[in-house]
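Overview (structure and organization)
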Amino acid sequence: MRVLVTGGAGYIGSHTLLELMAQGHEVCVLDNYSNATPEVLSRVRSLSNGVIHDYVGDVRDADKLDEVMQDFQPEAVIHFAGLKAVGESTEKPLYYYDVNVRGTLTLLHAMTKAGCKRIIFSSSATVYGEPVYLPYDEAHPTNPTSVYGRSKLIAEQILTDWTAATPDATAVLLRYFNPVGAHASAQLGEDPKDIPNNLMPFIAQVAVGKRDALQIFGGDYDTPDGTGQRDYIHVVDLARAHVAAIDYAETATGARPFNIGTGQPYSVRDMVAAFERACGKPIATKMAARRAGDIAAMQADSGRANTELGWTATHDLDAMTASTWAWQSKNPNGYEG
Ligand code: NAD
Ligand code: UD1
């Protein structure tokens, strides 16, 4: 299929391009490089030996989208382009709604004009909010507690209403749990611009000597070791979920959410211990207060993705930490070298 990938130069997008091309899909990227560098696509091109059509532009730019739709004529769109920092979303709510909600709306207008009726959307487990029960399944109530989470839920609702009003349209809403890890080549990985907000890139920067110590946000949660538990998912498994979603969208219609996780919770201490195994040295930690807005634990029931998308995660925790270490140690300054 011809697949337009918005935000394709980003962390998850770049890994997904490789998996799409490996399955014979033709790809085109639209990215404004607000959180990426063109070096990413050079690396994806050399890893795949394949052709990537690419456009520099903003997903809120209707004229640019019309141009891309006319030139490339996509049969499906994977919509990664968006903002993802929870803390920043509270400080800049209008910016977050503009990019994440208006960006999705502008894209849908352009798709409708061009007759493209399949979209795979990057959503997040954060749409569920405080757990009523665990593991979360897709029927769990949605009650996001941040602007970021609400922007994702609003976009899901817009996509759902669009499919209801558009015959034969499909929206696959992928609710990612905690993406981590890097490509086996160590050429692609997560490259946060500032101080990492998330656990795994922070640990990796401690291991490589860029940060002194990891602060563990809370040791008094109601979990086996007192630290927060999450469902970490290898980025290559996540990328493959998008390929499975493209196959599903070929025949399915309507909007459907899918949890994408492993179902296996790991604590902060588990992650530190696994990273120490991967890099062969101790990771300095210090106990800190709980981070505002954090929950004790979360994990996915990904049964629906297993059955309906035919997708399952195959990478374990050691594969997640080993690939992160390989990427970080070979690219201590990310894509800058
Ligand atoms: P990322 O920042 O690495 O990738 C996003 C890409 O979109 C970047 O290349 C960026 O330059 C581009 N972009 C941003 N705004 C744009 C705009 N207005 N127009 C065009 N391009 C734009 O992030 P990621 O981790 O790869 O996440 C991809 C998507 O998945 C995002 O929508 C994010 O909200 C969602 N998501 C991410 C996580 C996570 O932990 N990484 C979890 C759940 C959901
Ligand atoms: C966070 C976002 C979530 C987003 C996800 C993307 C919040 C509240 N939630 O999830 O919306 O979809 O990132 O991956 O920001 N931790 C530390 N020290 C650190 C960093 C994290 O102890 O320096 C702990 C956290 O308290 C948590 C765990 O590590 O228990 C994972 O944190 P993180 O990687 O930030 O992910 P989430 O909080 O699950």
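This text follows the structure it describes.
No experiment lies behind these values; they were computed from the predicted model shown. (Residues numbered from 1 in each chain as written. Chains lettered and ligands numbered in written order. Predicted model: local features only at pLDDT ≥ 70, side-chain atom pairs only at ≥ 80, totals over all residues. Heavy atoms only, no water.)

**Points about the site of ligand 1**
Every one of the 28 residues lining ligand 1 counts as a neighbour, but Ile12, Asp31, Asn35, Phe80 and Lys84 are closest to it. A distance of 2.8 Å is found between an oxygen atom of ligand 1 and a backbone nitrogen or oxygen belonging to Ile12. Within the contact set of ligand 1, an oxygen atom lies 2.8 Å away from a backbone nitrogen or oxygen of Phe80. In the complex, the protein chains occlude 94% of the 830 Å² of accessible area that ligand 1 would expose alone. Those elements that place two or more of their residues in the shell around ligand 1 are helix H1 (11-22), strand S5 (118-124) and helix H6 (147-165). Considered class by class, the residues forming the shell around ligand 1 number 13 nonpolar, 10 polar and five charged. (Near = heavy atom within 4 Å. Polar contact = N/O pair within 3.5 Å; in protein donor to acceptor, adjacent residues only side chain to side chain. Areas by Shrake-Rupley, 256 points an atom, 1.4 Å probe, with all protein chains shown as cover. Helix = DSSP H or I, 4+ residues; strand = E, 2+ residues; numbered from the N terminus. Nonpolar A, V, L, I, M, F, W, Y, C, P; charged D, E, K, R; others polar.)

**Quick notes on the pattern of salt bridges**
Pairs can form between side chains of opposite charge whenever their charged atoms are close. Enumeration according to the criterion identifies 17 salt bridges in this entry. Put simply, Glu190 and Lys84 hold a salt bridge, and the shortest N to O gap is 4.0 Å. Of this pair, Glu190 sits in the loop between strand S7 (178-180) and helix H7 (199-207) while Lys84 sits in the loop between strand S4 (76-79) and helix H4 (86-91), and the two are 106 residues apart along the sequence. The exposure class of Glu190 is buried, given its relative accessible area of 16%. On the basis of relative accessible area, Lys84 is assigned to the partly exposed category, the value being 48%. (Salt bridge = Lys/Arg side-chain N within 4 Å of Asp/Glu carboxyl O. Buried < 20%, exposed > 50% of the residue type's maximum accessible area, 1.4 Å probe, protein only.)

**Notes on the site of ligand 2**
The full set close to ligand 2 counts 19 residues, and Leu199, Gln215, Arg230, Arg291 and Asp294 are the nearest of them. A distance of 3.3 Å is found between an oxygen atom of ligand 2 and a side-chain nitrogen or oxygen belonging to Thr126. About the coverage of ligand 2: the protein hides 87% of its 730 Å² of free accessible area. When contributions to the shell around ligand 2 are tallied by element, the ones reaching two or more residues are S7 and strand S8 (214-217). Considering each element in turn, the shell around ligand 2 owes the most residues, four residues, to S8. For the shell around ligand 2, the per-class residue count stands at nine nonpolar, seven polar and three charged.

**Regarding the sheet that holds strand S3 (residues 52-56)**
Strand order across the open sheet formed by seven strands is S3-S2-S1-S4-S5-S6-S11, with parallel pairing between neighbours. Each having just a single partner strand, S3 and strand S11 (254-260) make up the two edges of the open sheet. Averaged over all pairs of adjacent strands, the angle between strand axes in this sheet comes to 20°, irrespective of strand direction. In this sheet, S5 lies alongside S4 in parallel orientation, the contact comprising three bridges. Of the residues in S5, the one forming a bridge with Ile78 is Ile120. (Pairing = 2+ DSSP bridges. Axes fitted to C-alpha atoms, helices over the stretch in contact; angles between N-to-C directions.)

**A word on the environment of Gln157**
For Gln157, the location among the structural elements is in helix H6. Residues Gln157 and Val29 lie 128 residues apart in sequence; the distance between their C-alpha atoms is 25 Å.

**Quick notes on helix H2 (residues 39-48)**
If you check which residues of H2 are buried, you get Val40, Leu41, Arg43 and Val44. What you see down the axis of H2 is that its buried residues fit within an arc of 160°, all on one side. Against the buried residues of H2 lie H1, strand S2 (26-31), S3 and helix H11 (317-330). Positive phi appears at Asn49, one or two residues downstream of H2, with a value of about 60°. (Arc of directions from axis to C-beta. Contact = heavy atoms within 4.5 Å.)

**As for the packing of aromatic side chains**
For the structure on display, the rule yields six aromatic pairs. Ring geometry for Tyr136 against Phe177: centres 6.1 Å apart, planes inclined by 50°, an arrangement best described as tilted. Of this pair, Tyr136 sits in the loop between S5 and H6 while Phe177 sits in the loop between strand S6 (170-176) and S7, and the two are 41 residues apart along the sequence. No difference in accessibility class separates Tyr136 from Phe177, as the two residues are buried. Centroid distance Tyr248 to Phe258: 5.3 Å. Interplanar angle 85°. Geometry classified as edge-to-face. Taken as a pair, Tyr248 in helix H8 (residues 235-249) and Phe258 in strand S11 lie far apart in primary sequence, 10 residues in all. (Phe/Tyr/Trp six-rings, centres within 6.5 Å; stacked < 30°, edge-to-face > 60°.)

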